[in-house]
2 protein chains.
Amino acid sequence: MSFEVLQNKIREMKNPTVAGLDARLEYVPPFMVENALAQYGQTRKAAAEAIYQFNCGLMDALSDIVPAVKPQSAYYEMLGWEGMEMLERTIRYAKQKGFFVIADIKRGDIGSTAQAYAESWLGSVKIGETEVPGFDADCVTVNGYMGSDAVKPFVQEAERHDKCLFALVRTSNPSAIELQDMVAGDRLVYDVMAELVDRWGKTSSVDSYQFNRVGAVVGATYPSDLRKLRRVLPHTFLLVPGYGAQGGRADDIACAFDRYGRGAVINSSRGIMCAWQKTGKNGTDFKEAARAAALQMRDDIRSVTPIL
Amino acid sequence: MSFEVLQNKIREMKNPTVAGLDARLEYVPPFMVENALAQYGQTRKAAAEAIYQFNCGLMDALSDIVPAVKPQSAYYEMLGWEGMEMLERTIRYAKQKGFFVIADIKRGDIGSTAQAYAESWLGSVKIGETEVPGFDADCVTVNGYMGSDAVKPFVQEAERHDKCLFALVRTSNPSAIELQDMVAGDRLVYDVMAELVDRWGKTSSVDSYQFNRVGAVVGATYPSDLRKLRRVLPHTFLLVPGYGAQGGRADDIACAFDRYGRGAVINSSRGIMCAWQKTGKNGTDFKEAARAAALQMRDDIRSVTPIL
């Protein structure tokens, strides 16, 4: 699905939030972990089942108030192929519940390998005469350090399947500056990455909101950069991590949106997933706690931007 | 295993080559594909089995002449979790055959997510009281666009398990220059990445060859950059893609080695894997063809460098 579908969901729910599904076993309420260990032993299968039950519970609690989910591949790879199998189930369940699904994979490699990654996550592979889908997300994140070769296959695959992607531009972590803030003439490295994102996007089609298929990841933790990038990339949808746990506040992310409150989605992972850890009920209330945290975040964002 | 183990294998075999295991179904001899489709139908399972048989055949043919293999994660992800399950089997089989295993994953993400990736590929995850390994490679590739946060967890995990990693510095693809060759003062972006690699490496232990645990990916297709980076990174093991199919020749990669012919490993993927496509025997000779191609590559490299 394109960014238009995401934007429509955001407008319906008046909520430009994406909930991260990044569960380590420590983030799952103890009673769910214990059940799974009792059933499957101290195995990856047990961990995968505990996390799957947790993911489904979170999605059940959020599906009418949060438009998108973002599973982070790393947390599934930790459990080997059992984790990847569970990631596929998580993506399928998310789609059934009506979520827009961003697979946070940050892949980046050259030509034929980029093509393989694009087919893996957005497309399908031909086996005999049958087209068989891979992880089948609506959208992915990619890393463009290797240049256009690494990104174009994703753009083409997105175009083919009416999907989309986000490329890293300005990340939210403290050491992002080491490389991304290098000064080259009158530009910074991330400015050049932003120009590349703009160029890649222009090779794709534009939706009714005037967004193309290549979005950008821009952290909430550098608000002035976020403001600048929103201005220079008017046709680029933004994925903004760093709200909440990493220190970004609603004021900081207000400038991610255009004047209609469009064109950006704000991520929260632990803030929603781990909300149960702050209520003193040992996780028995994880759904209610996640829902309350998501509603609070929604209202926090609504206080700084319209969503028209 | 550390780069010392890899260097020792290279010296034993007098061959600084790593064979890529990057199979798309099209690279597998038709008779193997047909067998798998007949047994499992037009499914991901069938594709995974065909590729696994191909990988094992290649490894059987190469294990006494090639010291390392490098499965590229993208080609396994194409087949969803069945592909990842087969990747785990491929890594296990490679270790049984004595190969040093480089998982080419080019992951890069921040803090806690980088930690999850590092545990996935080099370490283990704690489930109950049990430490359960993930993909358990000897070495991985990483992408440092996000800075130190994205790489340090891999360095720590490598140190903990006596393993190692390669960070992208100068990639072999044509569009690598778009970002990596930006001029910032008197340095290029990839020079700064090289300095970061050096800095990360210095936080790890050094082996008896004086190589630390953080290697660098430097493409064969930019030989003068390769020469410069070999000089400025004396304690950094190099992974050099781009030989063969991408245009790099033995003369181009000679400068990847130090004066003893140490400190670098040269990748060939399609050149070895797909050698059967050039013999006109429809793949029935894929093992012999791969072996002959690997021996030719070995001799080609030996003609430009000692291996002491």
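Note that the structure is predicted; figures quoted are calculated from it, not measured. (Residues numbered from 1 in each chain as written. Chains lettered and ligands numbered in written order. Predicted model: local features only at pLDDT ≥ 70, side-chain atom pairs only at ≥ 80, totals over all residues.)

Caption draft 1: Molecular detail of the overall build of chain A. Within chain A, the regular secondary structure consists of 13 helices and twelve strands. Scaling as 2.2 N^0.38, a compact globule of 308 residues should have a C-alpha radius of gyration of about 19 Å, and chain A matches this with 19 Å. Projecting the C-alpha coordinates of chain A onto the three principal axes gives extents of approximately 60 × 55 × 35 Å. Expressed as a percentage of its 308 residues, the buried residues of chain A come to 63%. Sequence-distant contacts, at least 24 apart, represent 70% of the contacts inside chain A between residues at least 6 apart. (Helix = DSSP H or I, 4+ residues; strand = E, 2+ residues; numbered from the N terminus. Rg over C-alpha atoms; globule rule 2.2 N^0.38 Å. Buried ≥ 20, exposed ≤ 12 C-beta atoms within 10 Å, placed from the backbone. Contact = placed C-beta atoms within 7 Å.)

Caption draft 2: Geometry of the pairing of strand S12 (residues 264-268) of chain A. Residue and element names in this part refer to chain A. Burial analysis of S12 places five of its five residues in the buried class, which makes it a mostly covered element. Residue alternation in S12 divides its side chains into two sets, Ala 264, Ile 266 and Ser 268 and Val 265 and Asn 267, and both sets are buried. The pairing of strand S1 (residues 17-21) with S12 spans three bridges and is classified as parallel. Bridging from a neighbouring strand, Ala 19 pairs with Ser 268 of S12. Pairing analysis gives three bridges linking strand S11 (residues 238-240) to S12, with the strands arranged parallel. The residue of S12 that forms the bridge with Leu 239 is Val 265. (Pairing = 2+ DSSP bridges.)

Caption draft 3: The relation of the copies chain B and chain A, seen in detail. When chain B is fitted to chain A, the best match, at an RMSD of 0.0 Å, comes from turning it 180° and sliding it 0.0 Å along the axis. Overall, the copies show the geometry of a two-fold rotation axis. Among all residues of chain B, the minimum C-alpha distance to the rotation axis is found for B:Ala184, at 2.1 Å. Same-surface contact between copies: 100% of interface residues of chain B are shared with the interface of chain A. (Least-squares fit on C-alpha atoms with pLDDT ≥ 70 in both.)

Caption draft 4: Quick peek at the pairing of strand S3 (residues 100-107) of chain A. Residue and element names in this part refer to chain A. Across the eight residues of S3, eight count as buried, placing the element largely inside the fold. As paired elements, strand S2 (residues 68-71) and S3 share two bridges and run parallel to each other. Within the sheet, the bridge partner assigned to Ala 68 lies in S3 and is Phe 100. Two strands pair when backbone bridges link them, and S3 and strand S6 (residues 139-142) are joined in this way by three bridges, in the parallel orientation. Across the sheet, the residue bridging to Ala 103 is Val 140, located in S6.

Caption draft 5: Quick look at helix H13 (residues 286-302) of chain A. With 17 residues, H13(A) extends 24 Å from end C-alpha to end C-alpha; this agrees with the ideal 24 Å at 1.5 Å per step. Against the buried residues of H13(A) lie S1, helix H3 (44-62), helix H11 (250-253), S12 and helix H12 (270-273) of chain A. (Expected span 1.5 Å × (residues − 1).)

Caption draft 6: A look at the interface of chain B and chain A. Each partner contributes residues to the interface: chain B has 59 residues there, and chain A has 59 residues. With six residues, helix H6 (residues 111-121) of chain B is the single largest residue contributor to the side of chain B that touches chain A. Broken down by class, the residue content of the side of chain B that touches chain A amounts to 31 nonpolar, 17 polar and eleven charged. (Nonpolar A, V, L, I, M, F, W, Y, C, P; charged D, E, K, R; others polar.)

Caption draft 7: Region of interest: the sheet that holds S6(A). Residues and elements named next belong to chain A. Taken together, the eight strands give a closed barrel; going around it, the order is S1-S2-S3-S6-S7-S10-S11-S12, and neighbouring strands pair in parallel fashion. Adjacent strand axes in the sheet meet at a mean angle of 30° when their direction is disregarded. Bridge analysis of strand S7 (residues 164-170) against strand S10 (residues 214-218) gives five bridges, and the strand direction is parallel. Within the sheet, the bridge partner assigned to Leu 165 lies in S10 and is Val 214. Strands S2, S3, S7, S10 and S12 of the sheet are contacted by helix H1 (residues 3-13), whose axis makes an angle of about 130° with S3. (Axes fitted to C-alpha atoms, helices over the stretch in contact; angles between N-to-C directions.)

Caption draft 8: Spatial organisation of the environment of B:Gly108. Residue and element names in this part refer to chain B. Inspection of the secondary structure puts Gly 108 in the loop between strand S3 (100-107) and H6. A count of 28 C-beta atoms within 10 Å places Gly 108 in the buried class. Along the sequence, Gly 108 and Gln 156 sit 48 residues apart, while their C-alpha atoms lie 15 Å from each other.

Caption draft 9: A look at helix H9 (residues 189-202) of chain A. Residue and element names in this part refer to chain A. For H9, which comprises 14 residues, the first-to-last C-alpha distance of 20 Å matches the rise-based estimate of 20 Å (1.5 Å per residue) to within 8%. Summarising burial for H9: ten of the 14 residues are buried, a large majority. Within H9 the residues assigned to the buried category are Val 189, Tyr 190, Asp 191, Val 192, Met 193, Ala 194, Leu 196, Val 197, Trp 200 and Gly 201.

Caption draft 10: Seen up close, the sheet that holds strand S1 (residues 17-21) of chain B. Residue and element names in this part refer to chain B. Sheet architecture is closed into a barrel: eight strands sit in the order S1-S2-S3-S6-S7-S10-S11-S12, paired in parallel fashion. Sheet twist, expressed as the average angle between the axes of neighbouring strands with direction ignored, equals 30°. Packing against the sheet, helix H9 (residues 189-202) makes contact with strand S7 (164-170) and strand S10 (214-218), and its axis sits at approximately 165° to S7.

Caption draft 11: Structural context of the confidence of the model for chain A. When pLDDT is averaged along chain A, the result is 96, and 100% of the positions lie at 70 or above. For this predicted complex, the interface confidence reaches an ipTM of 0.97, while the overall pTM sits at 0.97. (pLDDT = per-residue confidence, 0-100.)

Caption draft 12: Structural detail: unusual backbone geometry. For A:Lys106, which is not glycine, the phi torsion reads 45° and is therefore positive. Relative to the elements of secondary structure, A:Lys106 occurs in strand S3. Residue class for A:Lys106 comes out buried when judged on the 28 C-beta atoms lying within 10 Å of it. With a phi angle near 60°, B:Asp136 is a residue other than glycine that sits in the positive phi range.

Caption draft 13: Region of interest: the environment of A:Gly20. All names here are of chain A. The residue Gly 20 is located in strand S1 in this model. On the neighbour-count criterion, Gly 20 (23 C-beta atoms within 10 Å) is buried. Remark: the alpha-carbon pair of Gly 20 and Lys 152, spanning 132 residues in sequence, is separated by 26 Å. Among all residues touching Gly 20, those that are not within four sequence positions of it are Lys 70, Gln 72, Asn 267, Ser 268, Ser 269 and Met 273.

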